[in-house]
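This is what each chain is made of:
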Amino acid sequence: MRSRSLILLLGCLAFFSLTSIAQDDLGKQLSKVANQNAINYLSPVLAAWGADLNSGLYHSADLHDILGFDVGLKVGAVMMKDEDRVFDLVLPDQIQYGGVTLNAGVDYDKVISGAPTALGEPNGKAVTVKSTSPFLPLRGQTIFTSPKGFNMKFASLLMPQAAIGLPFGLEVIGRFVPNISLPDDAGKVNFIGFGIRHSIDQYIPLLPIDVSIHFMTQKLTISDMNDHKIVGASGTAYGIEVSKSLALLTVYGGYQIEKSAWDVDLYNPDLSLTQFIGTPVAIAGFHVDGRNTSRFHAGVRLLLAIINVHADYSFATQPVVVAGVGISLR
């Protein structure tokens, strides 16, 4: 079976991303990398999805009254930098090819700069035999091609969210996608998040703005058809927000401390490519931390009767643009 990391990306892209990638093709690309190369190939898109995960938690600091509620969809998108679209592919010191032993530095470059990550160009980087090789018939010949990318200019997640007001200036937030089977028995995906917000301005008489604090924790799990976990993503965020309503328009912003992480539990490179990718030493999986640890964000909401439309921008290591629409009853 090809890399089970396929299930990770297929699930996320099929249900949470605006980008579509073919199942077979992705599996083929993932089978070409192992160890640190695999981490470097996938890390940029996973870290970006982690930033999306902790986005769009609110669109006003004015909490709902008791049993007032909000239901809607949010899309978070990270615009990818050029450096996230390429990585340095590191090859083994020796490669067996065509019945001969090729040596790094003499017969081929050990480090192939500019190989595309999963976000990069839709063509892999060719590894060719150098002109300094003593094997004359092999000079200039391509012996290996790195995994291709999928030309993603941004990484996005679609997040359903609901909130309901409680007594004592409290509000609970929920994000939920039930256990859904992916196409072609590729696996199952489940997404759940829970948060709570508390009004601070209720303790400060005559304060001209709304102020609240929030905490949110989320978990995304992708498993095989036997319910064995393949990958898990987690996100945690807490912060403070302020807002000011002006007729139909609300301006909001805040500061948030956060973390996100991805754990790929099973990773199986194509062992027939060992001479090019090296002997896998970490096929049990790997861990990718998100890059954002904090953010400032600002946005606007337009409330038309019970329909709210909102958008905000986060200033962070990985900036995130969020857009959302929903139904709101205060």
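Everything numeric in this text was worked out from a predicted model, so none of it was measured.

Section: the nonpolar core
Soluble globular proteins tend to bury their nonpolar side chains together.
Then, number 1: Counting 49 residues, the largest nonpolar core has Val-45, Trp-49, Leu-89, Ile-143, Phe-144 and Trp-262 as the members making the most contacts within it.
Then, number 2: When residues of this core are assigned to their parent elements, the largest contribution, nine residues, is made by helix 3 (residues 35–53).
Then, number 3: With six residues, the next largest nonpolar core counts Tyr-58, Met-216, Ala-237 and Tyr-252 among its residues.

Digging into the environment of Arg-197
Then, number 1: Its place among the elements puts Arg-197 in strand 10 (residues 188–199).
Then, number 2: Expressed as a C-alpha distance, the spacing of Arg-197 and His-214, which sit 17 residues apart in the sequence, is 4.2 Å.
Then, number 3: With residues near it in sequence (within four places) discarded, Arg-197 still touches Tyr-58, Ser-60, Ala-61, Leu-63, Gly-169, Leu-170, Glu-171, Ile-173, Ser-212, Ile-213, His-214 and Glu-241.
Then, number 4: A polar atom in the side chain of Arg-197 sits 2.5 Å from the backbone oxygen of Ser-60.
Then, number 5: A polar contact is formed between the side chain of Arg-197 and the side chain of Glu-241, at a distance of 3.1 Å.

Quick look at the confidence of the model for the chain
Then, number 1: In the predicted model, the chain carries a mean pLDDT of 85, and the fraction of residues at 70 or more is 84%.
Then, number 2: Segment residues 1–24 is flagged for pLDDT under 50; beyond a separation of four residues in sequence, or across chains, it makes 76 contacts in the model.

Considerations on the pairing of strand 15 (residues 294–304)
Then, number 1: Burial along strand 15 is one-sided: the residues Arg-295, His-297, Gly-299, Arg-301 and Leu-303 are buried and none of Ser-294, Phe-296, Ala-298, Val-300, Leu-302 and Leu-304 is.
Then, number 2: Here strand 13 (residues 249–264) runs beside strand 15; their pairing, made up of nine bridges, is antiparallel. Bridge pairing in strand 15 links Ile-257 to Ser-294.
Then, number 3: Bridge analysis of strand 15 against strand 16 (residues 307–315) gives nine bridges, and the strand direction is antiparallel.

Procedures and definitions
Residues numbered from 1 in each chain as written. Predicted model: local features only at pLDDT ≥ 70, side-chain atom pairs only at ≥ 80, totals over all residues. Heavy atoms only, no water. Core = buried A, V, L, I, M, F, W, Y, C linked by side-chain atoms within 4.5 Å. Buried < 20%, exposed > 50% of the residue type's maximum accessible area, 1.4 Å probe, protein only. Helix = DSSP H or I, 4+ residues; strand = E, 2+ residues; numbered from the N terminus. Contact = heavy atoms within 4.5 Å. Polar contact = N/O pair within 3.5 Å; in protein donor to acceptor, adjacent residues only side chain to side chain. pLDDT = per-residue confidence, 0-100. Pairing = 2+ DSSP bridges.

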